[in-house]
Amino acid sequence: MFNYTFHWRPALQALPQMLQGTLVTLQLAILSMIIGVAFGVVLALMRQSKNPLIHFPATVWVEVARNTPALLQIYMAYFGLGQLGIRLDSFVALLIGITFNNAGYLAETFRGGLRAIPQTQTRAARSLGFGAYQAFTLIVLPQLFRVVFHPMTNQMVWAILMTSLGVVVGLNTDLTGVVQDLNVRTFRTFEYFAIAAVLYYLIAKFVTLGARLLAWRLFRY
Amino acid sequence: MIEIENVKKSFGSLTVLDGVSLSVNTGEVVSIIGGSGSGKSTLLMCINGLEAIQGGRILVDGVEVHAAGTDLNKLRQKIGIVFQQWNAFPHLTVLENVTLAPRKVLKMSRAEADAIAVRQLEHVGLGDKLKAFPGKLSGGQQQRMAIARALAMSPKYMLFDEVTSALDPQLVGEVLDTMRLLAKEGMTMIVVTHEMGFAREVSDRVAFFKSGKIHEIGSPQQIFESPQTPETRAFLNSVL
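None of the values given here were measured: they were computed from a predicted structure.

Q: When you look at the overall build of chain A in this model, what are you seeing that I'm missing?
A: Of regular secondary structure, chain A possesses ten helices and zero strands. Dimensions of chain A, computed from C-alpha atoms along their principal axes, come out at roughly 75 × 45 × 30 Å. The contacts in chain A between residues at least 6 apart in sequence include a share of 77% that link residues at least 24 apart. Just so you have it, chain A exposes about 12,100 Å², and 67% of that area is on carbon and sulfur atoms. Side chains of chain A carry 16 positive and 6 negative charges; the gap between the two charge centres is 16 Å.

Q: How should the overall build of chain B be read in this particular structure?
A: Summing up its helical and strand segments, chain B has nine helices and ten strands in all. In terms of overall dimensions, chain B is globule-like: its C-alpha atoms have a radius of gyration of 18 Å, near the 18 Å expected for 240 residues. Seen along its three principal axes, the alpha-carbon backbone of chain B occupies a region of about 55 × 45 × 30 Å. Within chain B, the fraction of its 240 residues that count as buried is 55%. The long-range fraction of contacts in chain B, counting pairs at least 24 apart against all pairs at least 6 apart in sequence, stands at 64%. Surface accessibility of chain B: about 9,800 Å² in total, with carbon and sulfur atoms responsible for 48%. Where the 25 positive side-chain charges of chain B centre and where its 25 negative ones centre are 5 Å apart.

Q: How do you make sense of the side chain of Arg-188 of chain A when you look at a structure like this?
A: Residues and elements named next belong to chain A. Following the sequence through the fold, Arg-188 ends up in the loop between α9 (175-186) and α10 (189-218). The exposure class assigned to Arg-188 is buried, which follows from its relative accessible area of 19%. Dropping the residues within four chain positions of it, Arg-188 is found in contact with Tyr-4, Thr-5, Phe-6, His-7 and Asn-183.

Q: Just checking my understanding: could you explain empty space enclosed by the protein for this structure?
A: To find leftover empty space, a probe the size of one water molecule is rolled over the atoms. Counted under the stated rule, the structure contains three cavities of 30 Å³ or more. Its boundaries defined by the atoms lining it, the largest cavity holds a volume of some 60 Å³. Together, Ala-124, Ser-127 and Leu-128 of chain A together with Ile-81, Val-82, Phe-83, Trp-86, Ala-146, Arg-149 and Ala-150 of chain B line the largest cavity. Put simply, the parts of the chain that give the lining of the largest cavity at least two residues each are α6 (119-127) of chain A together with β6 (79-82) and α5 (139-151) of chain B. With three residues, α5 of chain B is the single largest residue contributor to the lining of the largest cavity. When grouped by side-chain class, the residues that make up the lining of the largest cavity number eight nonpolar, one polar and one charged. The volume enclosed by the second largest cavity comes to roughly 40 Å³. Along the walls of the second largest cavity sit Ser-127 and Leu-128 of chain A together with Arg-76, Gln-77, Ile-79, Gly-80, Ala-150, Met-153 and Pro-155 of chain B, which together make up its complete lining. When grouped by side-chain class, the residues that make up the lining of the second largest cavity number five nonpolar, three polar and one charged.

Q: Please clarify how the sheet that holds strand β1 (residues 2-11) of chain B should be interpreted in this entry.
A: Strands belonging to one sheet form pairs held by backbone hydrogen bonds; the direction of such a pair is parallel or antiparallel. Residue and element names in this part refer to chain B. Here four strands make up an open sheet; going across it, the order is β2-β1-β4-β5 and the pairing antiparallel. What marks the edges here is a single partner per strand, and that holds for β2 (14-24) and β5 (63-64). The pairing of strand β4 (residues 55-60) with β5 spans two bridges and is antiparallel. Paired with Leu-59 across the strands is Glu-64, a residue of β5. Against the sheet, helix α1 (residues 40-47) touches β1, β2 and β4, its axis set at about 115° to β1.

Q: Please explain the packing of aromatic side chains as it appears in this structure.
A: How two aromatic rings sit relative to each other is given by the distance of their centres and the angle of their planes. For the structure shown, the criterion picks out eleven aromatic pairs over all chains. Here the aromatic residues Tyr-4, Phe-6, Trp-8 and Phe-190 of chain A are joined through ring pairs into a cluster of three or more. The ring of Phe-89 of chain B carries Arg-149 of chain B above its face, with NZ or CZ at 4.1 Å from the centroid.

Q: Is there a simple way to explain the sheet that holds strand β3 (residues 29-34) of chain B in this structure?
A: Residues and elements named next belong to chain B. Pairing in this open sheet of six strands is mixed, and the strands run β6-β7-β8-β3-β9-β10 from one edge to the other. On the outer flanks of this sheet lie β6 and β10 (213-218), each paired with one strand and no other. Averaged over neighbouring strand pairs, the angle between their axes works out to 20° when direction is ignored. In terms of strand pairing, strand β9 (residues 205-210) meets β10 through five bridges, oriented antiparallel. Its bridge partner lying in β10, Phe-209 is registered against Ile-214. On top of the sheet, α5 reaches β6 and β7 (157-161); it is set at about 170° to β6, its chief contact. On top of the sheet, helix α9 (residues 230-239) reaches β3, β9 and β10; it is set at about 95° to β9, its chief contact.

Q: So what exactly am I meant to see when it comes to the nonpolar core here?
A: Note on soluble globular proteins: their nonpolar side chains tend to be buried together. Core analysis: the biggest nonpolar cluster contains 40 residues, and Phe-130 of chain A together with Ile-2, Ile-4, Leu-43, Ile-47, Val-60 and Ile-190 of chain B have the highest contact counts within it. Per-element accounting of this core gives the leading share, five residues, to α1 of chain B. Not counting chain neighbours up to four residues away, the residues in contact with Phe-130 of chain A comprise Ala-125, Ala-135 and Leu-138 of chain A together with Asn-73, Leu-100, Ala-101, Lys-104 and Val-105 of chain B. Judged by nonpolar contacts, the second largest core, of 39 residues, contains Trp-86, Ala-150, Val-175 and Ala-183 of chain B.

Q: When you look at the interface of chain A and chain B in this model, what are you seeing that I'm missing?
A: Size of an interface, as often reported, equals the accessible area lost when the parts are brought together. Contacts between the two partners involve 18 residues from chain A and, on the opposite side, 23 residues from chain B. Across the chain A to chain B interface the summed buried area is about 1,900 Å²; carbon plus sulfur atoms make up 65%. The interface formed by chain A and chain B includes one salt bridge. The partner of Arg-123 of chain A in a salt bridge is Glu-51 of chain B, and the shortest N-O contact between them spans 2.8 Å. One can count five residue pairs in polar contact (both at pLDDT 80 or more) joining chain A with chain B. The element best represented in the side of chain A that touches chain B is α6 of chain A, accounting for seven residues.

Q: Looking at this structure, I do not really get the pattern of salt bridges. What am I missing?
A: Where charged atoms of side chains with opposite charge meet at close range, the side chains can pair. Residues and elements named next belong to chain B. According to the stated counting rule, one finds 15 salt bridges over all chains in the structure shown. A salt bridge links Lys-9 to Glu-51, with the shortest nitrogen-to-oxygen separation between them at 3.3 Å. Taken together, the residues span a long stretch of sequence, with Lys-9 in strand β1 and Glu-51 in the loop between α1 and β4 at a distance of 42 residues. The exposure class of Lys-9 is buried, given its relative accessible area of 5%.

Q: For this particular structure, what's the right way to read helix α8 (residues 149-162) of chain A?
A: Side chains of residues three or four places apart in an α-helix project in the same direction, reflecting 3.6 residues per turn. All names here are of chain A. Helix length check: α8 (14 residues) gives 20 Å between terminal C-alpha atoms against 20 Å at 1.5 Å per residue, within 8%. For α8, every residue scored as buried is listed here: Phe-149, Met-152, Thr-153, Gln-155, Met-156, Ala-159, Ile-160 and Met-162. Among the structural elements, α2 (15-48), α4 (70-83), α5 (90-115), α7 (132-147) and α10 are those in contact with the buried residues of α8.

Conventions we followed
- Residues numbered from 1 in each chain as written.
- Chains lettered and ligands numbered in written order.
- Predicted model: local features only at pLDDT ≥ 70, side-chain atom pairs only at ≥ 80, totals over all residues.
- Heavy atoms only, no water.
- Helix = DSSP H or I, 4+ residues; strand = E, 2+ residues; numbered from the N terminus.
- Contact = heavy atoms within 4.5 Å.
- Areas by Shrake-Rupley, 256 points an atom, 1.4 Å probe, with all protein chains shown as cover.
- Lys, Arg positive; Asp, Glu negative; His and termini not counted.
- Charge placed at Lys NZ, Arg CZ, Asp CG, Glu CD.
- Rg over C-alpha atoms; globule rule 2.2 N^0.38 Å.
- Buried < 20%, exposed > 50% of the residue type's maximum accessible area, 1.4 Å probe, protein only.
- 1 Å grid on protein atoms, 1.4 Å probe; cavity = no way out; pocket = protein on both sides within 12 Å on 5 of 7 lines; lining within 4 Å.
- Points joined across faces, edges and corners; volume = space filled by probe spheres on them.
- Nonpolar A, V, L, I, M, F, W, Y, C, P; charged D, E, K, R; others polar.
- Pairing = 2+ DSSP bridges.
- Axes fitted to C-alpha atoms, helices over the stretch in contact; angles between N-to-C directions.
- Phe/Tyr/Trp six-rings, centres within 6.5 Å; stacked < 30°, edge-to-face > 60°.
- Lys NZ or Arg CZ within 6 Å of the ring centre and 35° of its normal.
- Core = buried A, V, L, I, M, F, W, Y, C linked by side-chain atoms within 4.5 Å.
- Buried area = accessible area lost by both parts, 1.4 Å probe.
- Salt bridge = Lys/Arg side-chain N within 4 Å of Asp/Glu carboxyl O.
- Polar contact = N/O pair within 3.5 Å; in protein donor to acceptor, adjacent residues only side chain to side chain.
- Expected span 1.5 Å × (residues − 1).

Written out as structure tokens, the structure is:
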């Protein structure tokens, strides 16, 4: 039916290079997630504000991040900003693109999560003398992370997979970038990308497992 | 001393407090009784500045609660409040619930805060639940924990907002016992309650609230045995 001979050996020999790429991928995903969570919380709070100067920019961010292709967001960070004279290297541009996207999705997740935490929790904290910031960080935020834990893990996996888009802005150090380079040199497309797919799968599982362990440790109530 | 002078409060067009005046001396226990929606709970929220007011003023030890320059976080440290829905912090253990404010607000060391918390929790009969999460406690235990949490800040005043209303009947007694103990120790308390027997027993004065006003105030004997107005009489007949 098809006339293709698999050559796994050269592909497997490239495994150390691919594992190097895997580390870059993981680094990108974790950074974009951490920064994305921070921005996501701020955006969710900004959207609760009654002041249009505060909630409007946040709404625009969330709307654009959620309703335009991630690919375009990454293009804008690399080529778009480049045209304005802000030249970022591919790694940074990709990180900005994915983080922008992540923060937009997470902001909506957090906004829903905040509604699940009764106002009376804040009230009880304020009545003990906590300021608004302390009441939020010590009482509301830890509960929020529990409420949104599963959607947040999903988003993390999504962020890992999105890093593969770095190839469109010339990133050649992450897993997809490394594999793409090997591919154009050898044309063993199937073998290389099959191994890459397995590695992506393993990273995703690794991260999900890590998150579960963290949850088990943190959410014992 | 808490001085409430002609306080007015409304939510939109709904007037909740319509000129309430009351002063509570140090060491005094004042109970507030009255029907639902008469403004009793709102008054407590106004005393510690959780709710704004539209008229009059409230002074706590001479500090005007709703004045622009008042440091409410500081003021609230001397006014403990316990809510109907006990509002335990579910992500913290019983001990952490009680130590968090002393540590983060009063900047005590962990050891210091732990010592105070353990003492307060033993005081309310929860000395064996330090490591438990609130979700594992009964409503009565959570409510007693909330009392210990407020007491750990060494407040000068304690406000109780229908603290037994959301409890199963068999758990009411344990919470009332805790409050009785506090009253005996000389704590200044304002108690919004539907427990008439309790109000009669521990109060120095009882205030009957109706339509956002103090309709009648007096000693427990006066209010419960010879109420002066037909409204007070009608209310007591309906609940006793």
